[in-house]
Amino acid sequence: MLSMSQADTFGLLTTWPPMQTFLKAIALAKTDADIASFMTWHAVLFTDLSGFSVHPMLVEALKRVVQMEKAIAALTQLGGGMVLKALGDSFLILFDTADQAVDAVDFLRAALPVNAFCAGIGYGPMVVCQHRAGRHDAFGFAVSEASRLGEDIATGRQCLLTPAAYAAVSPAHQQRCVAGEHQGLAYWDMRAILNGTG
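Residues numbered from 1 in each chain as written. Predicted model: local features only at pLDDT ≥ 70, side-chain atom pairs only at ≥ 80, totals over all residues. Heavy atoms only, no water.

On to the pattern of salt bridges. Within this structure, the stated rule accounts for three salt bridges. Of the charged contacts, one joins E60 and K63 as a salt bridge, the two residues approaching to 3.6 Å between their closest N and O atoms. Taken together, the residues E60 and K63, both in helix 3 (residues 58-77) and three residues apart, mark about one turn of the helix. When its relative accessible area of 32% is taken as the criterion, E60 is described as partly exposed. D106 is paired through a salt bridge with R176; the nearest N and O atoms lie 2.9 Å apart. Of this pair, D106 sits in helix 4 (residues 98-111) while R176 is found in the loop between helix 7 (171-174) and strand 7 (177-182), placing the two residues 70 residues apart along the sequence. Summarising the burial analysis for this pair, D106 and R176 share the class buried. (Salt bridge = Lys/Arg side-chain N within 4 Å of Asp/Glu carboxyl O. Helix = DSSP H or I, 4+ residues; strand = E, 2+ residues; numbered from the N terminus. Buried < 20%, exposed > 50% of the residue type's maximum accessible area, 1.4 Å probe, protein only.)

Structure representation (structure tokens):
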């Protein structure tokens, strides 16, 4: 269990969620229901550059990361999500809705036609915290699922949605998806829009 002074060393703000109250709730919690009042529903998008780890030249791989960073910056400037983490060639982006996450994938695909990336989209209740330096973070099953789909399961240009994300998107986006499964994990594979068609 973290004391307040230990939590402060991690750079957590004491304002959102009100960290003193939140840390006390965590210390006393026995189930997720005990911290439900701190959870909000969001969508998360996890992107991973395809083939990045096996690229023979570091400079070319880094150029791909810079291209992705620029495209994500343009996306967020248009009001499309908030970057939570950038980990090498992977990015975790928070959205209010699953449709916004799907639209973000379409935006990034259009902005990066030759810079292939795969993605995972999750949707569900999560705890979103802000750290002292202004950085945000999110914790929840939907975050873990999106990460697993985007980094471990999706390949090439695939965008995989969790069942909860699929259920939360519009019928138009649902029509673009095909059901799939990998080692017991169900997902929906979203086809890219090509020339205005799915």
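We now examine the environment of A138. Take A138: it is sitting in strand 5 (residues 136-139). For the pair A138 and H42, spaced 96 residues apart in the sequence, the C-alpha separation amounts to 9.5 Å. Those residues in contact with A138 that sit more than four places away from it in its chain are L84, M126, V127, V128 and V143. (Contact = heavy atoms within 4.5 Å.)

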